Amino acid sequence: MKPKISIITVNYNNLEGLQKTIESVSSQTWQAFEHIIIDGGSSDGSVAYIESKSDQFAYWVSELDKGVYHAMNKGIAKATGEYLLFLNSGDHFFSDRVLEQNHQEIKNAAIIYFNLQVVEGHKVFIKEYPEVLSFSYFVKDTLPHPATFIAKEAFEKTNFYKEDFKILSDWKFFLDSICKYNLAYKKINTTLSTFYIGGMSSNPANRGVKLDEKQQVLQEEYAAYLQDLDDVILYRDIVTTFRKSRIIRLLVKLRFLNQF
């Protein structure tokens, strides 16, 4: 029977994180899914660990790849589920029962996203995402791939992840899906997964790469949207200035009247 959900884990030389992820997946009280492992040719013991757990996976491979998004695309190609979830090495589910409690929600939309627990050193918090998504939202933020189920058909429509990007291909995918292709989405207001800040996308040293990739997408593919956003901001500023000037004139008038 074709599984409804495919969980894809990408790993490269992160044995400790990989163990955490695989243990979390195998501990789920609801198991009607397939788990796929895409390893980039690790040399830290990850491959031996994967082999020792191979009976838990629908598919696994360890070979050189062209980067994280090439690896994720390889996982998409092998997945047989209707919905895909990327739980990469180091990420894990929020609890052992989270799939049991929420798997019935995985339907009727191309993109189904949850809240995400974020761990940054000793700081732990829940990041919540909006019910309504818009272009202006994606200009400043994105959705969490460890807490978002994506219909496999959505990748076929958007031509998978852009492999020559190093950091923001998942952001581009979500932006295109919602703002270009108008794919249906829904928010489930509970926490699905845990993410640890410190990876490639959250490394301050990669800030310049993130900015370059974001500017490339916005300027080449969404110039008209940016102009609309600029116009809205300009209009808002004009209205705010006008209202402030009216209030000032009113206050001056009242002060003048109070003198008599």
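Residues numbered from 1 in each chain as written. Predicted model: local features only at pLDDT ≥ 70, side-chain atom pairs only at ≥ 80, totals over all residues. Heavy atoms only, no water.

**Focus on the overall build of the protein**
Right, on to step 1. Helix and strand counts for the protein stand at 9 helices and 9 strands.
Right, on to step 2. Nonlocal contacts in the protein, meaning residues at least 24 apart in sequence, comprise 78% of its contacts between residues at least 6 apart. (Helix = DSSP H or I, 4+ residues; strand = E, 2+ residues; numbered from the N terminus. Contact = heavy atoms within 4.5 Å.)

**Quick word on the confidence of the model for the protein**
Right, on to step 1. The pLDDT averaged across the protein works out to 86; a share of 83% of its residues lies at or above 70.
Right, on to step 2. Confidence over residues 231-242 falls short of pLDDT 50; this stretch has 0 contacts with residues more than four positions distant or in other chains. (pLDDT = per-residue confidence, 0-100.)

**Re the environment of N189**
Right, on to step 1. Following the sequence through the fold, N189 ends up in strand β9 (residues 185-196).
Right, on to step 2. The spacing of N189 and P130 is 59 residues in sequence and 9.3 Å in space, taken between C-alpha atoms.
Right, on to step 3. Engagement of the side chain of N189 in a polar contact is seen with the side chain of N115, the distance being 3.0 Å. (Polar contact = N/O pair within 3.5 Å; in protein donor to acceptor, adjacent residues only side chain to side chain.)

**Quick word on the packing of aromatic side chains**
Right, on to step 1. Going through the model one piece at a time under the given rule, you end up with 13 aromatic pairs.
Right, on to step 2. Pairing F114 with F149 gives two aromatic rings, centres 6.0 Å apart and planes at 65°, and the pair type is edge-to-face. One end of the pair, F114, is in strand β6 (residues 111-120); the other, F149, is in strand β8 (residues 148-151), with 35 residues separating them in the sequence.
Right, on to step 3. On the basis of relative accessible area, F114 is assigned to the buried category, the value being 0%.
Right, on to step 4. Clustering of aromatic rings is evident, with ring pairs tying together Y69, F86, F155, F160, Y161, F173 and F174. (Phe/Tyr/Trp six-rings, centres within 6.5 Å; stacked < 30°, edge-to-face > 60°. Buried < 20%, exposed > 50% of the residue type's maximum accessible area, 1.4 Å probe, protein only.)

**Remarks on the side chain of N11**
Right, on to step 1. Tracing the chain through its elements places N11 in strand β1 (residues 5-11).
Right, on to step 2. For N11, the side chain forms a polar contact with the side chain of D39, separated by 2.7 Å.
Right, on to step 3. Side chain to side chain, N11 and S46 meet in a polar contact 3.2 Å long.
Right, on to step 4. Setting aside residues up to four positions removed in sequence, N11 forms contacts with L18, I38, D39, G40, S42, S46 and S89.

**A closer look at the pairing of strand β2 (residues 33-39)**
Right, on to step 1. For β2, the tally of buried residues reaches 7 of 7 residues, placing the bulk of the element in the interior.
Right, on to step 2. Every second residue of β2 is oriented toward a common face, with F33, H35, I37 and D39 on one face and E34, I36 and I38 on the other, all of them buried.
Right, on to step 3. Pairing of β1 with β2 involves 7 bridges; the strand directions are parallel. Note on β2: the bridge partner recorded for S6 is E34.
Right, on to step 4. Traced from β1 through helix α1 (residues 15-26) to β2, the parallel crossover comes out right-handed.
Right, on to step 5. For the handedness criterion, the β-α-β arrangement of β2, helix α2 (residues 46-52) and strand β3 (residues 59-62) is classed as right-handed. (Pairing = 2+ DSSP bridges. Right-handed = clockwise from strand over helix to strand, strands pointing away.)

**Quick look at the pattern of salt bridges**
Right, on to step 1. Enumeration according to the criterion identifies 8 salt bridges in this entry.
Right, on to step 2. Here R97 and E100 are joined by a salt bridge, their closest N and O atoms 3.5 Å apart.
Right, on to step 3. Of the residues examined, R97 reaches a relative accessible area of 43% and is grouped as partly exposed.
Right, on to step 4. Put simply, K172 and D176 hold a salt bridge, and the shortest N to O gap is 2.8 Å. Within this pair, K172 and its partner D176 are both found in helix α7 (residues 169-180), separated by 4 residues, close to a single helical turn. (Salt bridge = Lys/Arg side-chain N within 4 Å of Asp/Glu carboxyl O.)

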